Amino acid sequence: MFPDGVGHADMRQLRDDFARFMMEYKFGIDTVHTKIAILRDELTHLHDYNPIENLSSRLKSPDSILDKIGRKKCPPTFDGIRAAITDIAGVRVTTSFVSDVYRVLDMLTRQDDVTVIEIRDYIARPKPNGYRSLHALLAIPVNMSDRVVTVTVELQIRTIAMDFWASLEHKIYYKYDTVVPAGLLDELAEAAETAHRLDATMEHLHEEIRGSDTRSPDGDVVPTDDVLHRWVAARSRFDNTP
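Residues numbered from 1 in each chain as written. Predicted model: local features only at pLDDT ≥ 70, side-chain atom pairs only at ≥ 80, totals over all residues. Heavy atoms only, no water.

1. Observations regarding the pairing of strand β5 (residues 148–159)
Next, step 1: Taking burial as the measure, the 12 residues of β5 include 10 buried ones, the bulk of the element.
Next, step 2: Here 7 bridges tie strand β2 (residues 89–95) to β5, and the two strands are oriented parallel to one another. Within β5, the position partnered with T95 by the bridge is T159.
Next, step 3: Examined bridge by bridge, strand β4 (residues 134–143) and β5 share 10 bridges and lie antiparallel to one another. Counted as the bridge partner of A136 is L155 from β5.
Next, step 4: Linkage of β4 to β5, two consecutive antiparallel strands, is achieved through a turn of 4 residues. (Buried < 20%, exposed > 50% of the residue type's maximum accessible area, 1.4 Å probe, protein only. Helix = DSSP H or I, 4+ residues; strand = E, 2+ residues; numbered from the N terminus. Pairing = 2+ DSSP bridges.)

2. Focus on the packing of helix α1 (residues 8–47) against helix α4 (residues 98–109)
Next, step 1: For the pair α1 and α4, interaxial distance at closest approach is 11 Å and the crossing angle is 115°. In the crossing of α1 with α4, the sense of the turn from one axis to the other is right-handed. Contacts between α1 and α4 involve V32, K35, I36, L39 and L43 from the former and R103, M107 and L108 from the latter.
Next, step 2: Counted by class, the contact of α1 with α4 contains 6 nonpolar, no polar and 2 charged residues. (Axes fitted to C-alpha atoms, helices over the stretch in contact; angles between N-to-C directions. Left-handed = near helix turned anticlockwise from the far one by under 90°. Contact = heavy atoms within 4.5 Å. Nonpolar A, V, L, I, M, F, W, Y, C, P; charged D, E, K, R; others polar.)

3. Digging into the pattern of salt bridges
It is possible for side chains bearing opposite charge to pair when their charged atoms get close.
Next, step 1: Under the defined criterion, the tally for this structure stands at 17 salt bridges.
Next, step 2: Residues D87 and K68 are paired through a salt bridge, measuring 2.8 Å at the closest nitrogen-oxygen approach. Pair noted here: D87 is in the loop between α3 (78–84) and β2 and K68 is in helix α2 (residues 62–72), with a separation of 19 residues, a long-range link.
Next, step 3: Here D146 and R147 are joined by a salt bridge, their closest N and O atoms 2.7 Å apart.
Next, step 4: For D146, a relative accessible area of 58% corresponds to the exposed category. (Salt bridge = Lys/Arg side-chain N within 4 Å of Asp/Glu carboxyl O.)

4. Quick notes on the packing of aromatic side chains
Next, step 1: Scanning all chains against the criterion turns up 6 aromatic pairs.
Next, step 2: Summarising the aromatic geometry, the rings of F21 and F78 are spaced 4.9 Å apart at their centres and angled 25° between planes, so their arrangement reads as stacked. Here F78 lies in helix α3 and F21 lies in helix α1, a separation of 57 residues in the sequence.
Next, step 3: By relative accessible area, which is 24% here, F78 ends up partly exposed. (Phe/Tyr/Trp six-rings, centres within 6.5 Å; stacked < 30°, edge-to-face > 60°.)

5. A closer look at the sheet that holds β4
Next, step 1: One open sheet accounts for 5 strands, arranged β1-β2-β5-β4-β3; its pairing is mixed. The open sheet has two edge strands with one neighbour each: β1 (52–59) and β3 (115–121). In this sheet, adjacent strand axes meet at a mean angle of 25° when their direction is disregarded.
Next, step 2: In this sheet, β2 lies alongside β1 in antiparallel orientation, the contact comprising 7 bridges. Bridge pairing in β2 places I52 opposite T95.
Next, step 3: Its contacts with the sheet place α4 against β1, β2, β3, β4 and β5, and it is angled at close to 165° to β5.

6. A short note on the layout of surface pockets
Next, step 1: Estimated volume of the largest pocket: approximately 440 Å³.
Next, step 2: Surrounding the largest pocket, 17 residues form its lining, R92, Y131, R158, E169 and H170 being those nearest its centre.
Next, step 3: Counting residues per element, the lining of the largest pocket draws most heavily on helix α5 (residues 160–175), which supplies 7 residues.
Next, step 4: The class makeup of the residues in the lining of the largest pocket is 4 nonpolar, 5 polar and 8 charged. (1 Å grid on protein atoms, 1.4 Å probe; cavity = no way out; pocket = protein on both sides within 12 Å on 5 of 7 lines; lining within 4 Å. Points joined across faces, edges and corners; volume = space filled by probe spheres on them.)

7. Let's talk about empty space enclosed by the protein
Next, step 1: Scanning the model with the defined rule gives 1 cavity of 30 Å³ or more in all.
Next, step 2: Within this model, the largest cavity holds a volume of roughly 50 Å³.
Next, step 3: The greatest single-element share of the lining of the largest cavity, amounting to 4 residues, is contributed by helix α6 (residues 182–212).

8. Structural notes on α1
Next, step 1: Counted at 1.5 Å a residue, the expected span for α1 with its 40 residues is 58 Å, and the 57 Å between its end C-alpha atoms agrees.
Next, step 2: What α1 keeps buried is the set F18, F21, M22, E24, Y25, G28, I29, V32, K35, I36, L39 and L43.
Next, step 3: Of the residues trailing α1, D48 is marked for its positive phi of about 55°. (Expected span 1.5 Å × (residues − 1).)

Pasting the structure below:
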């Protein structure tokens, strides 16, 4: 049964409009994914170093969006949702080291078509429970068939240690339905500090290794010395051609 005054054609149009709305955010995720994948490949091939360990994403379901409309008491319109709900599209990047967190953010936000709306640095200023991560709200243009729309994508960047801690914390809160015993909360806070110390130690070891590594970068797109010598010879012959 449809609501009074709403017919089949109206419901079909509403379904199409909602699907188009969701696709805009999905394409926003795809755009950020592509940008990060390009940065990862460039760093891997040209700098012999890949700071990105894992890349994942999630798109809120229509059910979750409607639930959040009720909690936020925002207008049940697409414009109202865009303005009030900023975590419909989410991308998470996991890095090896803390310095990589800021490196990835800097490389991504320096791109001309990426606009920073807000940055919440929970690494420099951890939450009281020990949570650490870097959150950024980004405005991303999405090219549809008939227009360009700008969507908000929430980007989270954290180290492997931070991600492991956050995953464990989520499971504990889920198991206890958010009412976690005080003893477990204390252990979680201590585990967060342990993860932080581990990040610092691993970063130091990484810097020591990188400082003594003089190997040349390699990879399918990087030419060998033989190719470079042949290229130089070919250029020389070309320059000397009458």
